[in-house]
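What follows is the residue order along each chain.
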Amino acid sequence: MHNAPDIDGPAHTLTARPAGDGGASVSPELRTLVRDCLDDLDDLVEHYVPEVSAFDDYQGVVTPEDLRDTARASFELLLRLIGGLPVPEDLREVPERLGRRRAHQGVPLERLLQAVRMDFRVLWTAFLERTRPEDLPQLTRGAVRVWEAVEFHTVHVHAAYLDQVAVLAREQERERTALMGRLLSSDGRDQQLVAQAATLLQVNAQSDFAVAVAPPESQEELRRAVTARLTGHSPHLQQHNGMLVLVARLPQGADALPSAWLDGVACAVGPVARGLARVPDAVRVTEAIAMTMDGGDTARGGPVTLVDAWMPVAAARLGPIAGMLADSVLSGLDRLSPHERGRLLDTVVAYCESGTVAAVTRDLYCHRNTVLNRLSRFTELTGLHPTRPTEAATVLFALQCSRSRGG
């Protein structure tokens, strides 16, 4: 937690008093006890501080001096509320200062509330010690007033704590986003930057990380999946280059992103980053995959990997060479009518995908001889044999290059 000044600006100052407050409703006996305790504030503090100092969550975080100062101010505030006495402005801000300060110090909320509610026991014990036996019934009637004051104080401390936690969370998120933006735009070689990012993400920099990227139309899907399925894996979502990037620590021993994490989410999934320093490279590859998903065949309502999308990614990276390759392989088909060219290419693609004439005849509802004739005709026009794996790969990649340029 950050170190902070005592006051960050009032958000929940004491602008009202507990129910039933008012000088006329305070018995003379109770008011006398209040004034006696105000004179003995140091005695109340010395009873309170040792007990709270023994809390594990306070040790090494809240100093005894800090506890004494906050306890003294809190007891004075509570006694004035109980006795119906005027409350100076600086005392009205005590609950807010206390809640914000303990949030900065990282004291757990439940422990803070336990410490604040101990005020009742200390005050009630002090009242009992100063009350004669015959006056106990009168004191008992004032117990509700004491409890209401402590609860009023507790509610304001609680609200201020939650406000400050929200502020700190926003600050930490902004810091994490800025640092991750620097990391994703880097080459991953700055070890200090990598270490800082690992600290903010609360991960081991040597862990393996999954990377996914969602284009604008599926970003909400990705957010929902992360919220529902990735708890405990230090997920971080970040806008980068107009897309939503997910970086998440993989379970130990996992070689790939677990299929259940992003099932049904239309996003690109990159290769596993072996260490946080490799995440920038993995993100760049994943963004390249996502670029091919916009209206493409790979946008099929689920994660798309580099194995799925390597052809469109490679075609996009070739630049003008892609068009030249498409022309070199497919220009022999230009003499055909659009209809004939389409039938020929449908047959070639179907054969390359299945590898058998029988599957093509079934899928395209045509005779075996028709399939063989079309494959032979394609070879005649292009010089490439779709039945040979290496040449089939060239044909498929040339077709992808043609599609990438809108051909």
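Residues numbered from 1 in each chain as written. Predicted model: local features only at pLDDT ≥ 70, side-chain atom pairs only at ≥ 80, totals over all residues. Heavy atoms only, no water.

**Quick notes on the overall build of the protein**
Along the protein, the regular secondary structure elements total 17 helices and six strands. For a compact globule of 407 residues, the expected C-alpha radius of gyration is about 22 Å, and the protein comes in at 36 Å, more than 25% above that figure. Considered along the principal axes of its C-alpha atoms, the protein spans approximately 115 × 45 × 35 Å. In the protein, buried positions account for 46% of the 407 residues. Within the protein, contacts between residues separated by at least 24 positions form 72% of all contacts whose residues are at least 6 apart in sequence. Accessible surface computed for the protein: about 20,500 Å², of which carbon and sulfur atoms make up 52%. If you average the places of the 42 positive and of the 53 negative side-chain charges in the protein, the two averages end up 8 Å apart. (Helix = DSSP H or I, 4+ residues; strand = E, 2+ residues; numbered from the N terminus. Rg over C-alpha atoms; globule rule 2.2 N^0.38 Å. Buried < 20%, exposed > 50% of the residue type's maximum accessible area, 1.4 Å probe, protein only. Contact = heavy atoms within 4.5 Å. Areas by Shrake-Rupley, 256 points an atom, 1.4 Å probe, with all protein chains shown as cover. Lys, Arg positive; Asp, Glu negative; His and termini not counted. Charge placed at Lys NZ, Arg CZ, Asp CG, Glu CD.)

**What to know about the pairing of strand S1 (residues 208-214)**
Where burial is concerned, most of S1 is hidden: six out of the seven residues are buried. Here S1 pairs with strand S5 (residues 273-274) via two bridges, running antiparallel. Looking at the pairing, Phe 209 lines up with Ala 273 of S5. Pairing of S1 with strand S3 (residues 243-249), which is carried by six bridges, proceeds in the antiparallel orientation. Its bridge partner lying in S3, Val 211 is registered against Val 247. Relative to strand S4 (residues 268-269), S1 is paired through two bridges, and the arrangement is antiparallel. (Pairing = 2+ DSSP bridges.)

**Remarks on the packing of aromatic side chains**
Applying the stated criterion across every chain, the model contains five aromatic pairs. Here the aromatic rings of Tyr 48 and Phe 75 are separated by 5.5 Å at their centres, their planes lie at 90°, and the arrangement is edge-to-face. Within this pair, whereas Tyr 48 is found in helix H2 (residues 41-53), its partner Phe 75 is found in helix H3 (residues 64-83), the two being separated by 27 residues in sequence. Accessibility expressed as a relative area gives 7% for Tyr 48, which makes it buried. One aromatic cluster is present, built from ring pairs that chain together Phe 120, Trp 124 and Trp 147. Residue placement shows Arg 111 over the ring face of Phe 55; its charged tip is 4.8 Å from the ring centre. (Phe/Tyr/Trp six-rings, centres within 6.5 Å; stacked < 30°, edge-to-face > 60°. Lys NZ or Arg CZ within 6 Å of the ring centre and 35° of its normal.)

**Digging into the state of the cysteines**
Within the structure shown, the criterion is met by zero disulfides. In this model Cys 352 remains outside any disulfide bridge; the closest cysteine sulfur is found in Cys 401, 15 Å from its own. (Disulfide = S-S within 2.5 Å.)

**Considerations on unusual backbone geometry**
One non-glycine residue, Ser 234, adopts positive backbone phi at about 50°. Along the chain, the position of Ser 234 falls in the loop between helix H10 (219-229) and strand S2 (236-240). With a relative accessible area of 21%, Ser 234 lands in the partly exposed category. In the Ramachandran plot, Asn 241 falls in the positive-phi region, its phi being about 55° despite a non-glycine side chain. Its place among the elements puts Asn 241 in the loop between S2 and S3.

**Some thoughts on H3**
Given a rise of 1.5 Å per residue, 20 residues ought to cover 28 Å, and the 28 Å separating the end C-alpha atoms of H3 matches this to within 8%. Following H3 by one or two positions, Gly 84 has its phi on the positive side, about 65°. (Expected span 1.5 Å × (residues − 1).)

**Examining the environment of Met 243**
Structurally, Met 243 is set in strand S3. Sequence separation between Met 243 and Asp 90 is 153 residues; the distance between their C-alpha atoms is 49 Å.

**Remarks on the confidence of the model for the protein**
Close inspection of predicted coordinates is inappropriate in any region flagged by low pLDDT. Per-residue pLDDT for the protein has a mean of 89; in total, 92% of the residues score no lower than 70. pLDDT under 50 marks residues 1-16. Its contacts with residues more than four places away, or in other chains, come to 43 contacts. Confidence over residues 19-24 falls short of pLDDT 50; this stretch has nine contacts with residues more than four positions distant or in other chains. (pLDDT = per-residue confidence, 0-100.)

**Considering empty space enclosed by the protein**
For the structure on display, the rule yields two cavities of 30 Å³ or more. In terms of lining, the largest cavity is formed by 14 residues, of which the most central are Tyr 48, Leu 67, Thr 70, Leu 98 and Arg 102. When residues of the lining of the largest cavity are traced back to their parent elements, those giving at least two are H2, H3, helix H5 (94-105) and helix H6 (109-129). Looking at the lining of the largest cavity residue by residue, the classes come out as nine nonpolar, three polar and two charged. (1 Å grid on protein atoms, 1.4 Å probe; cavity = no way out; pocket = protein on both sides within 12 Å on 5 of 7 lines; lining within 4 Å. Points joined across faces, edges and corners; volume = space filled by probe spheres on them. Nonpolar A, V, L, I, M, F, W, Y, C, P; charged D, E, K, R; others polar.)

**Describing helix H12 (residues 306-318)**
Helical geometry note: an α-helix holds 3.6 residues per turn, so side chains three or four residues apart project in the same direction. Helix geometry: H12 is bent most strongly at Pro 312, by close to 30°. Looking at H12, one finds that the buried residues are Ala 309, Met 311, Pro 312, Val 313 and Ala 315. Buried residues along H12 sit against helix H11 (279-291), strand S6 (304-305), helix H13 (320-330) and helix H17 (389-404). Downstream of H12 by a residue or two, Gly 319 has a phi angle that is positive, lying close to 65°. (Bend = angle between axes of the 7 residues up to and from the residue.)

**Looking at the pattern of salt bridges**
Across all of its chains, the model carries 22 salt bridges by this definition. The shortest N-O distance in the salt bridge between Asp 57 and Arg 111 comes to 3.2 Å. Taken together, the positions of Asp 57 in the loop between H2 and H3 and Arg 111 in helix H6 put the pair 54 residues apart, joining distant regions of the chain. Among the salt bridges present, the one from Asp 135 reaches Arg 132, with a minimum N-O distance of 3.0 Å. The network of salt bridges with common partners includes Asp 40, Asp 43 and Arg 130. (Salt bridge = Lys/Arg side-chain N within 4 Å of Asp/Glu carboxyl O.)

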